[in-house]
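So you can see what is in the structure, the chains are spelled out below.
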Amino acid sequence: MSLGAAAAAPPRHVSPVRNALHRRPRSPLSPLVTRPRAATPFNKAVAAAGVHVDSSAAAAAAAASSSPPAAVISTRNHLSNLERLLQKKQAPPPPHLAEKEPEPRRHSPSSSRHQTRGRLLNALNLSSDKKTEEMSPRSLTRLHRLLSNAIRPSPRGTIGPRWRQYHGAANWDGLLDPLDVHLRRELVRYGELVQATYHAFHSNLTAAPPRPVVLPDWSYRVTRNLFATASVELPSWVQIVAPWMMAAQRTSWIGCVAVCDNEREIHRMGRRDIVIALRGTSTCLEWAENLRAGLVPVDDDGEDVTDPQGDVPKVECGFRSLYKTAGPDMPSLSSSVVAEVRKLTEKYAGEEISITVVGHSLGAALAVLIADELAARAPPHVPTAVFSFGSPRVGNQAFAARVERRGVKVLRVVNARDLVTRVPMVLPSRTGGYAHVGRELLVDCRMSPYLRPDADPACCHDLEAYLHLVDGFMATNSPFRSDAKRGLAGLLTQQSSNVKKLYVSKARAIQVQSTPGFPRCHCDRTLPSPLSIENLEVR
């Protein structure tokens, strides 16, 4: 084909759709949109003089000059256009501020750029100042969750390969300070089982036995209810001062025995766990037993009635009374626990089994007595551990030595401001007095950003406060864990007078309710960020 024929070829057909795409109007934010030039004095002078400026020549001159790259100019123009669209009219200043003249400030290119960037970020709600941080959606969601009654437990990790370490085989060495994340989760989980015993007892005081215990961990199944009987003889003057105490029932429901029967949970924990959960002091006769602080010998059928030093193991009289006394139609707490644990260990013989005794306050003291007896009666290959919250001293040093000699591992969670953990008192000049058993995990309610630093003794001993502190504890002299999972609904319900007023007011503002006093949470309210309101001084 000749060159002339090629030149005379008809033009190629272009689809009208493609032409329509080229004629699509451009976004006003695009820096490539041609805008009419502003009527500057220079442009007016050029037009009056009749001088024609070639745009292509001007573009060539601009390209030849030492100007920034085209991409930088395009980005700046884009931000400038976006700034013009998003810029809002500023509200007029208050009258008392409008009268003051602003001080002269020196402007520099860098300061003007920072101002432009700040105005743009403010328009986009992306600035890093405190006001915008308070209104950030992430902070609002976190505070809303903390103040609501939603349960959001920490994720459970698999502890099967190391379950004996978490159960105290090595006395929790290297797991307490800093607190291991898996041990923290296990402590909170066991504490919630103790909370379930409180709820079961107070929900129906007249029932014997009470209504079925609803455990927060559905992996466990309750196999037996436990009862404790008081043997204290009240003085005659109580009939005059408080006659209702004389009519109080001597036998009360105090806890339960449960076993894990969920295969997935058994695989996660690496064994089948038998739990004995015990509540704290809740009746007047139990309070009366707590005041019987004299040391009495522990009944022991074994060969080690005395320790190697010749001292007799002794425990507090009131604790032993509740543990060993049988009711008219009810066996003692001691015999009930031993019989049930023996039945479960025989049923699941051949499996990996652990015995875990958990309790709070009085229940923590009874947990040590139970573990001491089970260690002597249970099969030797079944480990026994105690996780206690706010436990008082149980017995003398000879008793503590016997508990450790029998292989019982005890981990006591202690609030530094809890007075119950310091009783019965120990006189420095007296030997053979009370002594604590096992390892100690020390927490402090003053480290919590949500509790008042002057929280009263009831709050410092409260089980919900203990679980709150454990969930936020990382290490000694470390700040409260910022990603703590446990909400504040329990504290607001039970210890609202000890929660900082700012959080109480915010809870009322979003209408939090778990029991009477706080309405239920509504999601259409806005709240500031806890990261910002924690820094405020709240009395």
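See the structure shown above.
Rules behind the numbers
- Residues numbered from 1 in each chain as written.
- Predicted model: local features only at pLDDT ≥ 70, side-chain atom pairs only at ≥ 80, totals over all residues.
- Heavy atoms only, no water.
- Helix = DSSP H or I, 4+ residues; strand = E, 2+ residues; numbered from the N terminus.
- Buried < 20%, exposed > 50% of the residue type's maximum accessible area, 1.4 Å probe, protein only.
- Contact = heavy atoms within 4.5 Å.
- Areas by Shrake-Rupley, 256 points an atom, 1.4 Å probe, with all protein chains shown as cover.
- Phe/Tyr/Trp six-rings, centres within 6.5 Å; stacked < 30°, edge-to-face > 60°.
- Pairing = 2+ DSSP bridges.
- Axes fitted to C-alpha atoms, helices over the stretch in contact; angles between N-to-C directions.
- Right-handed = clockwise from strand over helix to strand, strands pointing away.

**With respect to the overall build of the protein**
Now for step 1: Tallying secondary structure elements over the protein gives 24 helices and 11 strands in all.
Now for step 2: Looking at the protein as a whole, 43% of its 539 residues qualify as buried.
Now for step 3: Within the protein, residue pairs in contact and separated by at least 24 positions form 75% of the contacts whose partners lie at least 6 positions apart.
Now for step 4: With an accessible surface of roughly 30600 Å², the protein has 57% of that area assigned to carbon and sulfur atoms.

**Some thoughts on the packing of aromatic side chains**
Now for step 1: This structure, assessed with the given rule, holds five aromatic pairs.
Now for step 2: Aromatic side chains Trp 172 and Phe 387 sit 5.7 Å apart centroid to centroid with 65° between the ring planes, which places their arrangement in the edge-to-face category. Linking Trp 172 in the loop between helix H10 (163–166) and helix H11 (181–203) with Phe 387 in strand E7 (residues 384–389), this pair joins segments that are 215 residues apart in sequence. Comparing Trp 172 with Phe 387 shows no difference in burial state: the two are buried.
Now for step 3: Measuring from centroid to centroid gives 6.4 Å for Phe 389 and Tyr 466, while their planes differ by 75°, and the two rings are edge-to-face.

**Focus: the sheet that holds strand E11 (residues 439–443)**
Now for step 1: The seven strands lie next to each other as E1-E2-E3-E6-E7-E9-E11, forming an open sheet whose pairing is mixed. Strand pairing shows two members of the sheet lacking a second neighbour, strand E1 (220–229) and E11, which therefore form its edges. For this sheet the average axis-to-axis angle between neighbouring strands, irrespective of direction, equals 20°.
Now for step 2: Packing of H11 onto the sheet brings it into contact with E1, strand E2 (251–260), strand E3 (272–278), strand E6 (353–360), E7, strand E9 (409–415) and E11, and relative to E3 it is tilted by some 50°.
Now for step 3: Along the sheet, helix H21 (residues 463–472) makes contact with E6, E7, E9 and E11, crossing E9 at roughly 100°.

**Some thoughts on the pairing of E3**
Now for step 1: Most of E3 sits inside the fold, with seven of its seven residues counted as buried.
Now for step 2: Along E3, one buried face is formed by Arg 272, Ile 274, Ile 276 and Leu 278 and the opposite face, lined by Asp 273, Val 275 and Ala 277, is buried too.
Now for step 3: As paired strands, E2 and E3 are joined by five bridges and run antiparallel to one another. Pairing of Cys 256 across the sheet is with Ala 277, part of E3.
Now for step 4: Note: E3 against E6, seven bridges, orientation parallel. When the sheet's bridge partners are listed, Asp 273 is paired in E6 with Ser 354.

**Concerning the pairing of E7**
Now for step 1: Burial runs high along E7: six of the six residues are buried.
Now for step 2: Here E7 shows a buried face lined by Thr 384, Val 386 and Ser 388 and a second buried face lined by Ala 385, Phe 387 and Phe 389.
Now for step 3: When E6 meets E7, the two strands line up parallel, connected through six bridges. Bridge pairing in E7 links Thr 356 to Ala 385.
Now for step 4: One crossover worth recording links E6 to the parallel E7 by way of helix H18 (residues 362–377), and it is right-handed.
Now for step 5: Of the pairings in the sheet, the one linking E7 to E9 comprises five bridges and is parallel in character. Within E9, the residue paired with Val 386 across the bridge is Val 410.

None of this, on its own, says anything about what the molecule does.
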